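Each chain, letter by letter, is given below.
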Amino acid sequence: MNIKISNLQFFVAVATSQSLTQAAQRLHRTPAAVSLSLKQLEDELGGALFEGERKNRLSPLGRFVLIEAERELAHFERTISAIKTYAKAETGLVRVATVPSFATTLLPPLLKQFRQEHPQFHLDIRDMDSERVTQAVLTADVDIGIATVPAHIPNVDQEFLFSDTFCVVCEHTHPLCRLGRPVRWSDLEGQHFINSGMGGDIQAPEFRNLRECASMSVRNTTSLLALVAEGMGVTLLPELLSRSYAGSRLAFLPLEDQRIARSVSVITAPRETLTHAPYAFLLAIKACQFG
């Protein structure tokens, strides 16, 4: 059986008009063309759709076909509309979760260029720690995540973006600022260390010991840096953040141990499941040269 969608459209038009002539006018077709379409549909179904020649009263088969045809045509129209919208990229939502260091430094110029190229898209940007970014992608709360993630996450596509080392962050008049060299682990002994929660995957024993002995843990980066600026302690944060705080009351000092670093990746659901807007943003991220 090979029923054409046009045959269903013609049938619904006649059935709802109760007049072949009126239906032909609505369809901008000749009555002969509409009549031929009905004949083809009846031949495919093996039964009459109307009682009598006037086409103003449906047969039992016709009543059933009308219900199903109207449902199918409504679905067909929604499908065509969705395809056209996707192809033309008339609308779209991009939901992004990212670590704060990326959100405040590398993301703004990327967003500016993306908005210029795709003004029709709506952007929903959230900053959070890496663990929550990963969870947001896994639960489909966001389309794209930018974070430090495990080497492999099931059912998630991930691609390395860049890496950066950690540095010591302290108040700008702190004695560590007068060392004139990279900070050593021994320089941090006796300091009031505030744990940021970052670098959980770093295995260096000196770093782990510093975190375990921390006098305070603050997961929100803005709050953490406000405490450091007040001289309440020192912390270790990715060097990328220093770009957002130049000229502030904070000092970002290099750490001698270059093992203390993180890698940042972009993660998404499998690429083939992304809609047009998130996929366009993913391509924009991959086109950037970070570092």
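Residues numbered from 1 in each chain as written. Predicted model: local features only at pLDDT ≥ 70, side-chain atom pairs only at ≥ 80, totals over all residues. Heavy atoms only, no water.

Notes on the overall build of the protein
Part 1 of the argument: When you go through the protein residue by residue, the secondary structure sums to ten helices and nine strands.
Part 2 of the argument: In terms of overall dimensions, the protein is more spread out than a globule: its C-alpha atoms have a radius of gyration of 32 Å, far above the 19 Å expected for 291 residues.
Part 3 of the argument: Dimensions along the principal axes, computed over C-alpha positions, put the protein at roughly 100 × 35 × 30 Å.
Part 4 of the argument: Look at the contacts in the protein between residues 6 or more apart in sequence, and 69% of them connect residues 24 or more apart.
Part 5 of the argument: Carbon and sulfur atoms make up 52% of the accessible area of the protein, which amounts to about 15900 Å² in all. (Helix = DSSP H or I, 4+ residues; strand = E, 2+ residues; numbered from the N terminus. Rg over C-alpha atoms; globule rule 2.2 N^0.38 Å. Contact = heavy atoms within 4.5 Å. Areas by Shrake-Rupley, 256 points an atom, 1.4 Å probe, with all protein chains shown as cover.)

Thoughts on helix H1 (residues 5-17)
Part 1 of the argument: If you check H1, its first and last C-alpha atoms are 18 Å apart, about what 13 residues at 1.5 Å a residue would give, namely 18 Å.
Part 2 of the argument: Trailing H1 by a residue or two, Gln 18 shows a phi angle of about 55 degrees, which is positive. (Expected span 1.5 Å × (residues − 1).)

Let's talk about the packing of helix H6 (residues 107-117) against helix H10 (residues 276-287)
Part 1 of the argument: Contact geometry for H6 and H10: axes closest at 11 Å, N-to-C directions at 125 degrees. Relative to H10, the element H6 is oriented oblique. As for how H6 packs across H10, the hand of that crossing is right-handed. In this structure, H6 uses Leu 107, Leu 110, Leu 111 and Phe 114 to contact H10, whose residues at the interface are Ala 277, Ala 280, Phe 281, Ala 284 and Ile 285. (Axes fitted to C-alpha atoms, helices over the stretch in contact; angles between N-to-C directions. Parallel < 35°, antiparallel > 145°, perpendicular 65-115°, else oblique. Left-handed = near helix turned anticlockwise from the far one by under 90°.)

What about the pairing of strand S8 (residues 250-254)?
Each regular strand displays side chains that alternate between the two surfaces of the sheet.
Part 1 of the argument: The buried fraction of S8 amounts to four of the five residues, a majority that puts the element mostly inside the structure.
Part 2 of the argument: The pairing of strand S4 (residues 157-171) with S8 spans five bridges and is classified as antiparallel. From the neighbouring strand, Val 168 faces S8, where its bridge partner is Leu 253. (Buried < 20%, exposed > 50% of the residue type's maximum accessible area, 1.4 Å probe, protein only. Pairing = 2+ DSSP bridges.)

So, unusual backbone geometry
Part 1 of the argument: If you check the backbone angles, Ala 140 has positive phi at about 65 degrees while not being a glycine.
Part 2 of the argument: Its place among the elements puts Ala 140 in the loop between helix H7 (130-138) and strand S3 (144-147).

Describing the environment of Gln 25
Part 1 of the argument: Position of Gln 25 relative to the elements: it lies in helix H2 (residues 20-27).
Part 2 of the argument: In this structure Gln 25 comes out as exposed when scored by relative accessible area, which is 56%.
Part 3 of the argument: With 256 residues separating them along the chain, Gln 25 and Phe 281 place their C-alpha atoms 46 Å apart.

Brief notes about the pattern of salt bridges
Part 1 of the argument: Scanning all chains against the criterion turns up 14 salt bridges.
Part 2 of the argument: Residues Glu 159 and Lys 286 are paired through a salt bridge, measuring 3.6 Å at the closest nitrogen-oxygen approach. On the criterion of sequence distance, the pair formed by Glu 159 in strand S4 and Lys 286 in helix H10 is long-range, its members being 127 residues apart.
Part 3 of the argument: Taking the relative accessible area as the measure of exposure, Lys 286 reaches 35% and is therefore partly exposed. (Salt bridge = Lys/Arg side-chain N within 4 Å of Asp/Glu carboxyl O.)

Examining the environment of Gly 62
Part 1 of the argument: Secondary-structure assignment places Gly 62 in helix H4 (residues 60-88).
Part 2 of the argument: For the pair Gly 62 and Tyr 279, spaced 217 residues apart in sequence, the C-alpha to C-alpha distance is 45 Å.
Part 3 of the argument: Apart from residues no more than four positions distant in its own chain, Gly 62 is found in contact with Phe 11, Ala 48 and Leu 49.

So, the packing of aromatic side chains
Part 1 of the argument: Taken as a whole and assessed by the stated rule, the structure comprises six aromatic pairs.
Part 2 of the argument: What links up through ring pairs into an aromatic cluster is the set Phe 114, Phe 121 and Phe 281. (Phe/Tyr/Trp six-rings, centres within 6.5 Å; stacked < 30°, edge-to-face > 60°.)

Examining the environment of Ala 204
Part 1 of the argument: For Ala 204, the location among the structural elements is in the loop between strand S5 (194-195) and helix H8 (205-212).
Part 2 of the argument: Taking C-alpha positions, Ala 204 is 7.5 Å from Arg 259, a pair spaced 55 residues apart along the chain.
Part 3 of the argument: Ala 204 has contacts with Arg 259 and Ile 260, leaving out every residue within four places of it along the chain.

Considerations on the side chain of Thr 98
Part 1 of the argument: Its place among the elements puts Thr 98 in strand S1 (residues 93-98).
Part 2 of the argument: Looking at Thr 98, the relative accessible area reads 0%, which means it is buried.
Part 3 of the argument: If we skip the residues at most four places from it in the chain, Thr 98 touches Ala 103, Leu 107, Arg 126, Asp 127, Met 128, Val 133 and Ile 146.

Thoughts on the nonpolar core
Part 1 of the argument: In this structure, Phe 102, Phe 114, Ile 146, Phe 162, Phe 281 and Ile 285 are the most contacted members of the largest nonpolar core, which totals 38 residues.
Part 2 of the argument: Of all the elements in the fold, those that place two or more residues in this core are S1, helix H5 (100-104), H6, H7, S3, S4, strand S9 (261-268) and H10.
Part 3 of the argument: Take this core: its biggest share by element is six residues, from H10.
Part 4 of the argument: Membership of the second largest hydrophobic core comes to 31 residues, among which are Val 169, Leu 210, Val 228 and Leu 255. (Core = buried A, V, L, I, M, F, W, Y, C linked by side-chain atoms within 4.5 Å.)

A closer look at the side chain of Glu 42
Part 1 of the argument: In this structure, Glu 42 sits in helix H3 (residues 31-45).
Part 2 of the argument: Excluding anything up to four places from it in sequence, Glu 42 contacts Gly 47, Ala 48, Leu 49 and Phe 50.

Section: the state of the cysteines
Part 1 of the argument: Per the counting criterion, the structure on display carries zero disulfides.
Part 2 of the argument: Free cysteine: Cys 213, not disulfide-bonded; nearest cysteine sulfur from Cys 170 at 20 Å.
Part 3 of the argument: The exposure class of Cys 213 is exposed, given its relative accessible area of 56%. (Disulfide = S-S within 2.5 Å.)

Nothing here speaks to function; it is geometry throughout.
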